Amino acid sequence: MASMTAIAILYFLASSTHAFTCASEQFTLSEAYKAADSIIVALITECQVEVSSDPYASGGDDCSFISLEVLKDSAPVRDHGGVASSSGCGLSVHVGSQYLLFLDSVNQPMAPSASLGGAYYMSRQTVQYLRILRDFRNGHVSDLAEPWMYEESRGYCSIKQSIKGQQISFSRRMPDAPSEPEPVWTHETINGETVHRATVPLVDDENRIPVGAADIVAFGEVPDRNVDALFLSVSLQDTSPAAVRRARISVGDRTWSLNRMEANLLLRAGAGVHNSIEYWTAGETAEQILEALVQPSEIVVSATIVSSQEAFGRPDVFPPEETASQLSGSTSDYVGPIPLSESADSSAMPNVRAAHSYRIEEEAPEPVLRLVSRSTQLSGVIKSFHACYAE
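Residues numbered from 1 in each chain as written. Predicted model: local features only at pLDDT ≥ 70, side-chain atom pairs only at ≥ 80, totals over all residues. Heavy atoms only, no water.

1. Brief notes about the overall build of the protein chain
Part 1 of the argument: Across its full length, the protein chain carries seven helices and 17 strands.
Part 2 of the argument: In the protein chain, which comprises 391 residues, the proportion classed as buried is 49%.
Part 3 of the argument: Of the accessible surface of the protein chain, which amounts to about 18,600 Å², a share of 50% is contributed by carbon and sulfur atoms. (Helix = DSSP H or I, 4+ residues; strand = E, 2+ residues; numbered from the N terminus. Buried < 20%, exposed > 50% of the residue type's maximum accessible area, 1.4 Å probe, protein only. Areas by Shrake-Rupley, 256 points an atom, 1.4 Å probe, with all protein chains shown as cover.)

Following this line, the structure appears as structure tokens:
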């Protein structure tokens, strides 16, 4: 069984969890660029109401803005000044602050618009969007691939690319990270498939007090790895209960298989339960994938429902190659589940099971979960990532 420390598992879970205060429309930078009539860097000059009447909004209403920089011009060209208001699930506008605004044809900010200040994730991502839009406008890059974000947390360094709520993440333990106790794994066989289970305590990082536990389930023969090895995880918004899926990642013309891991986070009273499913690999395989991504390349991750025979009797078998070829027409702008072709035999759909109860699903999920992206922006963080875990 893989030699995974408790801290590695918890980082694996945290790396794929995105915290938002409210639900928002999911988009890629490329999609937002196409939808906007114009894109500008704006400065808020005054607000008729300094504090919004919306109790969930932090900022003013009827706030005038002027354009400081045009990243995508309208056709025909026009003045890009206008008025914006704060919203509990959107912009929070303040006099003197700057914003990246995606404008419609009447200069009203669209959903992707966000502040260029602050240290939280969305602000950091918006700053990266600004950098990419400038490079695209100036001809330094030919596509609007999503940024890779670098961070250090819990004794690990990581680089992550988020695509419409899905995520690819590489992480590695820092040399001076404190040691953590190994989880105790139990093993069981269900319908011929090896399942590994462990319960990991969840501890508040600041106060070092217990806040719950994570029930971890790893499927298949997971290879041993060094705790200091590179770790790759992919989140495809595949939540429990889920179908049995076999996943793989392709970079250019090379393909690698991914392992599957599920987790139930049982939090303290009143905090609820969070379920997650990740696809991952580590060590030499993860190193090969990262090396392949250094050159700007297309990335394709697919997790396909497999039959009981493939899932339990032959774990090395993927669905027929013709299934993949039917799906190869998707563009890098599309991310999400792709249905079977109209010619597919629906009677051949396999039974599916829940992640922990192993019961049959009443309604079959999408047969394929698919993520398509590019590694164009990886060069901006790869040096920092390598330096983080260097001796």
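2. Things to note about the pairing of strand S1 (residues 38-49)
Part 1 of the argument: By the bridge criterion, six bridges tie S1 to strand S4 (residues 98-103) in an arrangement that is antiparallel. Looking at the pairing, Ala42 lines up with Tyr99 of S4.
Part 2 of the argument: In this sheet, strand S2 (residues 61-72) lies alongside S1 in antiparallel orientation, the contact comprising nine bridges. Among the inter-strand pairings, Ile39 is bridged to a residue of S2, identified as Lys72. (Pairing = 2+ DSSP bridges.)

3. Looking at the state of the cysteines
Note: disulfide means a covalent bond formed between the sulfur atoms of two cysteine side chains.
Part 1 of the argument: Using the criterion set out here, one finds one disulfide in the structure.
Part 2 of the argument: Between the sulfur atoms of Cys47 and its disulfide partner Cys63 the distance amounts to 2.1 Å. Classification of the bridge connecting Cys47 and Cys63 rests on its S-S torsion, roughly 110°, and on that basis the disulfide is right-handed. Placement of Cys47 in strand S1 and of Cys63 in strand S2 is noted, with a sequence separation of 16 residues between them. (Disulfide = S-S within 2.5 Å.)

4. Concerning the pattern of salt bridges
Part 1 of the argument: If you walk through the whole model with that rule in mind, you get 13 salt bridges.
Part 2 of the argument: Two residues, Glu151 and Arg124, come together in a salt bridge whose shortest N-O distance is 3.9 Å. Of this pair, Glu151 sits in strand S6 (residues 148-153) while Arg124 is found in helix H3 (residues 121-137), placing the two residues 27 residues apart along the sequence.
Part 3 of the argument: On the basis of relative accessible area, Glu151 is assigned to the partly exposed category, the value being 23%.
Part 4 of the argument: Each of Glu69, Arg134 and Arg137 takes part in one network of salt bridges that share partners. (Salt bridge = Lys/Arg side-chain N within 4 Å of Asp/Glu carboxyl O.)

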